[in-house]
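Remarks on the overall topology
So you can see what is in the structure, the chains are spelled out below.
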Amino acid sequence: MRMFRVTACVPSQSRIRTQRELQNTFFTKLVPYDSWFREQQRIQKMGGKIVKVELATGKPGANTGLA
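Residues numbered from 1 in each chain as written. Predicted model: local features only at pLDDT ≥ 70, side-chain atom pairs only at ≥ 80, totals over all residues. Heavy atoms only, no water.

Quick word on the overall build of the protein
For the protein, the count of helices and strands is 1 helix and 3 strands. The 67 residues of the protein split such that 27% are buried. At a minimum sequence separation of 6, the contacts of the protein that also span at least 24 residues come to 64%. If you sum the accessible surface of the protein, you get close to 5300 Å²; carbon and sulfur atoms cover 50% of it. (Helix = DSSP H or I, 4+ residues; strand = E, 2+ residues; numbered from the N terminus. Buried < 20%, exposed > 50% of the residue type's maximum accessible area, 1.4 Å probe, protein only. Contact = heavy atoms within 4.5 Å. Areas by Shrake-Rupley, 256 points an atom, 1.4 Å probe, with all protein chains shown as cover.)

Quick look at the structure:
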């Protein structure tokens, strides 16, 4: 199965007290090839940035470890 390993940076929504205290959250996840566009839209709507995209193989939901 063709998968993408996506590393993204998303602003944290939980602890925003002031504009200056914005914290970014980095995450890495496996995304199926077919739903890549939907995931890309979701990250961008949350105000995040995609840092790195790699082709990968594996099962959906598997831990990709530290990138």
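With respect to the packing of aromatic side chains
This structure, assessed with the given rule, holds 2 aromatic pairs. Ring geometry for Phe-4 versus Trp-36: centroids 5.4 Å apart, planes at 55°, classification tilted. One end of the pair, Phe-4, is in strand β1 (residues 3–11); the other, Trp-36, is in helix α1 (residues 36–45), with 32 residues separating them in the sequence. A residue is classified by how much of its surface remains accessible, and Phe-4, at 13% relative accessible area, is buried. What links up through ring pairs into an aromatic cluster is the set Phe-4, Tyr-33 and Trp-36. Positioned over the ring face of Tyr-33 is Arg-2, at 3.8 Å from the centre of the ring. (Phe/Tyr/Trp six-rings, centres within 6.5 Å; stacked < 30°, edge-to-face > 60°. Lys NZ or Arg CZ within 6 Å of the ring centre and 35° of its normal.)

A look at the sheet that holds β1
Pairing within the open sheet is antiparallel, and its 3 strands lie in the order β2-β1-β3. Single-partner strands in this sheet number two, and they are β2 (24–32) and β3 (49–56). With direction set aside, neighbouring strand axes in the sheet form an average angle of 20°. Here 7 bridges tie β1 to β3, and the two strands are oriented antiparallel to one another. Within β3, the position partnered with Arg-5 by the bridge is Glu-54. The strands touched by α1 are β1, β2 and β3; relative to β2, the strand with the most contacts, the crossing angle is about 170°. (Pairing = 2+ DSSP bridges. Axes fitted to C-alpha atoms, helices over the stretch in contact; angles between N-to-C directions.)

Description of the nonpolar core
One broad rule of soluble globular proteins: the nonpolar side chains tend to lie buried together. One finds Phe-4, Val-6, Ala-8, Val-10, Val-31, Trp-36 and Ile-43 forming the largest nonpolar core, which totals 7 residues. When residues of this core are traced back to their parent elements, those giving at least two are β1 and α1. No other element matches β1, which puts 4 residues into this core. Non-local contacts of Val-10, meaning those with residues more than four positions away in its chain, are made with Gln-23, Asn-24, Thr-25, Phe-27, Ile-43, Met-46 and Gly-48. (Core = buried A, V, L, I, M, F, W, Y, C linked by side-chain atoms within 4.5 Å.)

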